[in-house]
Amino acid sequence: MKIGIITITNGENYGNRLQNYAVQEALKETGAEVETVHKVTNVFDAENFVYLNKLRLKKLLHYHLTVEERRRLSFYRFTKRYIKRSRYVIKDSAPEKLDSSYDCFVAGSDQVWNPYLAYVTCDNFLTFTSAEKKVAFAPSIAVEDIPEEKKKEYAAWIQDFRLLSVREKEGATLIYRLCGRKAEVLLDPTFYLSASQWRRIEKRVKMRENRYILAYFLGEYTPEYKERVEEFARFAGCVVYRLQTEEHFQIAPDEFLYLVDHASIVCTDSFHGTAFSIIFKKNFVVFRRKEAFADMGSRLHTLLQRFDMEDRYWERVGCNSVKDTDFCKSEAIIEEEREKTRDFLSCIYKGERYA
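Residues numbered from 1 in each chain as written. Predicted model: local features only at pLDDT ≥ 70, side-chain atom pairs only at ≥ 80, totals over all residues. Heavy atoms only, no water.

**Student:** Could you clarify how one ought to interpret the overall build of the protein chain in this entry?
**Tutor:** In terms of helices and strands, the protein chain carries 11 helices and 11 strands. Whereas a compact globule of 355 residues would reach a radius of gyration of roughly 20 Å, the protein chain reaches 20 Å, a difference of no more than 12%. Taken over the C-alpha atoms alone, the protein chain extends approximately 55 × 50 × 40 Å along its principal axes. The buried share among the 355 residues of the protein chain stands at 58%. Across the protein chain, every contact between residues at least 6 apart in sequence was considered, and the portion connecting residues at least 24 apart equals 75%. Put simply, the protein chain shows about 15700 Å² of open surface, and 47% of that area lies on carbon and sulfur atoms. Side-chain charges of the protein chain comprise 57 positive and 54 negative groups, with the mean position of each set lying 4 Å from the other. (Helix = DSSP H or I, 4+ residues; strand = E, 2+ residues; numbered from the N terminus. Rg over C-alpha atoms; globule rule 2.2 N^0.38 Å. Buried < 20%, exposed > 50% of the residue type's maximum accessible area, 1.4 Å probe, protein only. Contact = heavy atoms within 4.5 Å. Areas by Shrake-Rupley, 256 points an atom, 1.4 Å probe, with all protein chains shown as cover. Lys, Arg positive; Asp, Glu negative; His and termini not counted. Charge placed at Lys NZ, Arg CZ, Asp CG, Glu CD.)

**Student:** It is not clear to me how the sheet that holds strand β11 (residues 283–286) should be interpreted in this structure. Could you clarify?
**Tutor:** Think of a sheet as strands paired side by side through backbone hydrogen bonds, with each pair either parallel or antiparallel. One open sheet holds the four strands; their spatial order is β9-β8-β10-β11, and the pairing between them is parallel. Strands at the two margins of the open sheet, each flanked by one partner only, are β9 (239–242) and β11. Pairs of neighbouring strands in the sheet enclose a mean axial angle of 20°, with direction left out of account. In terms of strand pairing, strand β8 (residues 212–216) meets strand β10 (residues 265–268) through four bridges, oriented parallel. Along β10, the bridge assignment pairs alanine 215 with cysteine 267. Packed onto the sheet, helix α7 (residues 223–236) meets β8, β9, β10 and β11 and runs at close to 165° relative to β8. (Pairing = 2+ DSSP bridges. Axes fitted to C-alpha atoms, helices over the stretch in contact; angles between N-to-C directions.)

**Student:** How do you make sense of α7 when you look at a structure like this?
**Tutor:** Residues spaced three or four apart along an α-helix point in a common direction, a consequence of the helix completing one turn every 3.6 residues. For α7, built from 14 residues, the straight-helix expectation of 20 Å at 1.5 Å per residue is met to within 8% by its first-to-last C-alpha distance of 20 Å. Among all positions in α7, only Tyr225, Val229, Phe232, Ala233 and Ala236 are buried. Seen from one end, α7 has its buried residues packed into an arc of 100°, which puts them on one side. Structural note: α7 exposes Pro223, Glu224, Glu227 and Arg234 on the side pointing more than 90 degrees away from its buried face. (Expected span 1.5 Å × (residues − 1). Arc of directions from axis to C-beta.)

**Student:** Any chance you could explain the layout of surface pockets here in plain terms?
**Tutor:** Rolled over the atoms, a probe as big as a water molecule pinpoints where empty space is left. Taken as a whole, the largest pocket encloses approximately 680 Å³ of empty space. Forming the walls of the largest pocket are 30 residues, and the residues nearest its centre are Ile8, Asn10, Asn13, Gln111 and Leu117. If you list the elements that add at least two residues to the lining of the largest pocket, you get α1 (14–28), α3 (67–82) and α9 (271–279). Per-class residue counts for the lining of the largest pocket are 13 nonpolar, 10 polar and seven charged. Roughly 360 Å³ of volume is contained in the second largest pocket. Lining the second largest pocket are 17 residues, with His38, Glu47, Tyr76, Arg85 and Val89 sitting closest to its centre. Among the secondary structure elements, those contributing two or more residues to the lining of the second largest pocket are α2 (49–60), α3 and β3 (85–90). (1 Å grid on protein atoms, 1.4 Å probe; cavity = no way out; pocket = protein on both sides within 12 Å on 5 of 7 lines; lining within 4 Å. Points joined across faces, edges and corners; volume = space filled by probe spheres on them. Nonpolar A, V, L, I, M, F, W, Y, C, P; charged D, E, K, R; others polar.)

**Student:** How should I be thinking about the packing of aromatic side chains in this particular structure?
**Tutor:** The geometry of an aromatic ring pair is captured by two quantities: the separation of the ring centres and the angle between the planes. Overall, the coordinates contain 28 aromatic pairs when judged by the stated rule. Note on phenylalanine 125 and tryptophan 157: the rings are 4.9 Å apart at their centroids and 40° apart in plane angle, and the pair reads as tilted. With phenylalanine 125 in the loop between β4 (104–107) and β5 (134–136) and tryptophan 157 in helix α4 (residues 151–159), this residue pair connects regions lying 32 residues apart in the sequence. Of the two residues, phenylalanine 125 and tryptophan 157, both sit in the buried class. Summarising the aromatic geometry, the rings of phenylalanine 217 and tyrosine 225 are spaced 5.8 Å apart at their centres and angled 35° between planes, so their arrangement reads as tilted. Each member of the pair, phenylalanine 217 as well as tyrosine 225, is classed as buried. Positioned over the ring face of phenylalanine 161 is lysine 134, at 4.7 Å from the centre of the ring. (Phe/Tyr/Trp six-rings, centres within 6.5 Å; stacked < 30°, edge-to-face > 60°. Lys NZ or Arg CZ within 6 Å of the ring centre and 35° of its normal.)

**Student:** Would you take a moment to explain the pairing of β9 for this structure?
**Tutor:** Along a regular strand, successive side chains alternate from one face of the sheet to the other. One ladder, built from four bridges, connects β8 with β9; its direction is parallel. By the bridge assignment for β9, leucine 214 is matched with tyrosine 241. Of the crossover connections in this fold, the one passing from β8 over α7 to the parallel β9 is right-handed. (Right-handed = clockwise from strand over helix to strand, strands pointing away.)

**Student:** Explain the UniProt feature "domain: Polysaccharide pyruvyl transferase" (unreviewed entry) in the protein chain to me, please; I cannot follow it from the model alone.
**Tutor:** UniProt annotation of "domain: Polysaccharide pyruvyl transferase" (unreviewed entry) refers to residues 13–289 when read in the numbering used here. In residues 13–289, helix accounts for 36% and strand for 16%; the two terminal C-alpha atoms are 16 Å from one another. (UniProt positions renumbered as here; feature names shortened; annotations may be inferred.)

Here it is in structure tokens:
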């Protein structure tokens, strides 16, 4: 069987690129031939051949590269090495021969159904193919409600998926209200791979200090947050290594894995920063993040609730408990969720309607 993945392929986001790899590897375990279809609808194509060649030439000639350009080259290097891409590209719409080239399409994971992202179009819901070829593998709606003006089209787009799952309980509730379909709630696909599997693709980052707190914030790093992270660092005898800064902005996804895996403590407002902390069993503290357009908390709430780790919210963690993350249940929960995922993916071959 040949399967095409439709996910967020543009932009430089660690969680997205690593979940893309996880979805690919999970599907490959079923025996499928798997490719990811590059999609650039409504966004700048950072992987345009001419643009990338220009960046490579600038680097070769030692011209100044912006931090964004260095990051794009780092992400492209990771993608080229670890993710098999289709020869097809979705631009304004799906190419004419895309549907006939695959036996099945998988939408997911990550925020491929977030109604506030310009990238999200009808193609994210696989409207270019027939119902029997449509599988939703833990996509995230990410927000607590669908805007009123989009509810009708979302209901129509989701209604005919043969296999339907989502990543958050809130997403399953939204879908049921929209179209009466019950969606299986699956854990993020990054959990499907073991820590040892992730370590196989880690890339070492040269560090001046061996003991560090990894501060990974996608939202605002407020003075209050900064003060708390530095307080933890003083208590633990660590330096603070902050991602998303100009100095470290070029870090690639495989280097991100290394940084999480070797941190003393992870402080983050990121879903995948939290997910990989659990996978690698790293002490972590979760800070609340609110985007300009919507509350993004449902994703993290579902995750922490599933692992019984709601005590890791920053308001509840003091210096005396910052290193007391309880992982006694985590492996059993992950294995249970992996089995649910295996059962779900096995239905691709059985022709069943799941959920």
